[in-house]
Amino acid sequence: LEPFVSPHAQANGQHQPNPFSLEGKIALVTGGGTGIGLEIARCMATAGATVIITGRRESVLQEAATELGESVHYLTNDVCELDTLEDLVAQIEATHGPLDILVNNAGINMKKPALEVTDEEFSRIIHTNLNAVFALTRTCASRMMERKSGVILMISSMAAYYGIDRVVAYAASKSAVEGMVKVLASEFSKNNVRVNAIAPGFIETDMSRTAMNSDPDRRDRAMRRTPMGKFGQPSDIGHAAVFLASEAARYITGASLPVDGGNSIGF
Ligand code: NDP
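These numbers come from a predicted model, not from an experiment. (Residues numbered from 1 in each chain as written. Predicted model: local features only at pLDDT ≥ 70, side-chain atom pairs only at ≥ 80, totals over all residues.)

**Q** Whenever I open this one, the pairing of strand 1 (residues 26–30) confuses me. Can you help?
**A** For a regular strand, side-chain orientation follows a simple rule: the groups alternate between the two sheet faces. Here strand 1 lies mainly inside the structure; 4 of its 5 residues are buried. Relative to strand 2 (residues 50–55), strand 1 runs parallel, the two being bridged by 5 bridges. By the bridge assignment for strand 2, leucine 28 is matched with isoleucine 52. With helix 2 (residues 35–46) bridging strand 1 and the parallel strand 2, this β-α-β connection has right-handed handedness. For strand 1 and strand 4 (residues 101–104), the ladder comprises 3 bridges, and the chain directions are parallel. Paired with leucine 28 across the two strands is leucine 102, which belongs to strand 4. (Buried ≥ 20, exposed ≤ 12 C-beta atoms within 10 Å, placed from the backbone. Helix = DSSP H or I, 4+ residues; strand = E, 2+ residues; numbered from the N terminus. Pairing = 2+ DSSP bridges. Right-handed = clockwise from strand over helix to strand, strands pointing away.)

Pasting the structure below:
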């Protein structure tokens, strides 16, 4: 990114800091080895941050970190193993310094009619997309609150808002995350810790390709519901994440930003 210099400042020979820069920031992106998380990591690193990506598959993370360059590092971690999260954050801070940004991106989905979803399947999705998000957020936020500085981003979904068939547990988990954002934003704001969500629409990743392949009509239906008439790219979420994590968004907390080609205008 080029440093931002307004025309007025230019005329006066002044240089202002770029409000979108993440220079010197330390960011943790869960599920950062693939899809949306990979592009969030790429965009944050491009904006100047040191980024730590996590996930369960070491080979995937290693390949991603190599591709993204020297400011991106990886740690293998399963967010569902809640008792590992304190050590994860302690290790990151001991190696790289205080964590400025947490992006809760890791998530799973499953397409099934509600009546066929077992208790085990429902719990697995809720545990990954909700319980783990809360546990990691609590761990990071307690440190950020002490330092009176930090940004937490949740990758939610438009499934939180609309009745999309066959994603009952996923929709429940993402709606709960949206509710959590408002409470946490309120509780943390006096300590200068901001909490926001990004609600992606149809974004082209492995997760959405699997869903589309399991139902050939789904792609057409999705396009009919998208005013812009095209799928989003993972980098569209990456750019929004950089904005919300940066000083440019310093007065935004408790918000959910749809990045969805207009889906949220209404079906
Ligand atoms: P992907 O399946 O490509 O990415 C999910 C990532 O999460 C993977 O890197 C995976 O890595 C990681 N992950 C899953 N479970 C765990 C776990 N237990 N511990 C640690 N990491 C885990 O999907 P997307 O990039 O599409 O999804 C990213 C986020 O965006 C999700 O929260 C999803 O709900 C959300 N989203 C996506 C949309 C889309 O259209 N694609 C739309 C709306 C929201 P590994 O398997 O190696 O652990």
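**Q** Please clarify how the nonpolar core should be interpreted in this entry.
**A** Across soluble globular proteins, you tend to see nonpolar side chains buried next to one another. Residues Ala41, Met44, Val51, Ile53, Val103, Ile198 and Ala241 are the most contacted members of the largest nonpolar core, which totals 70 residues. The greatest single-element share of this core, amounting to 8 residues, is contributed by helix 6 (residues 168–188). Beyond its immediate sequence surroundings of up to four residues, alanine 41 is in contact with Val29, Gly32, Val51, Ile53, Leu68 and Val72. (Core = buried A, V, L, I, M, F, W, Y, C linked by C-beta atoms within 7 Å. Contact = placed C-beta atoms within 7 Å.)

**Q** It is not clear to me how the UniProt feature "domain: Ketoreductase" (unreviewed entry) in the protein should be interpreted in this structure. Could you clarify?
**A** UniProt's feature table lists "domain: Ketoreductase" (unreviewed entry) at residues 25–201, given in the numbering used throughout. Across residues 25–201, the secondary structure splits into 48% helix and 19% strand, with the terminal C-alpha atoms separated by 28 Å. (UniProt positions renumbered as here; feature names shortened; annotations may be inferred.)

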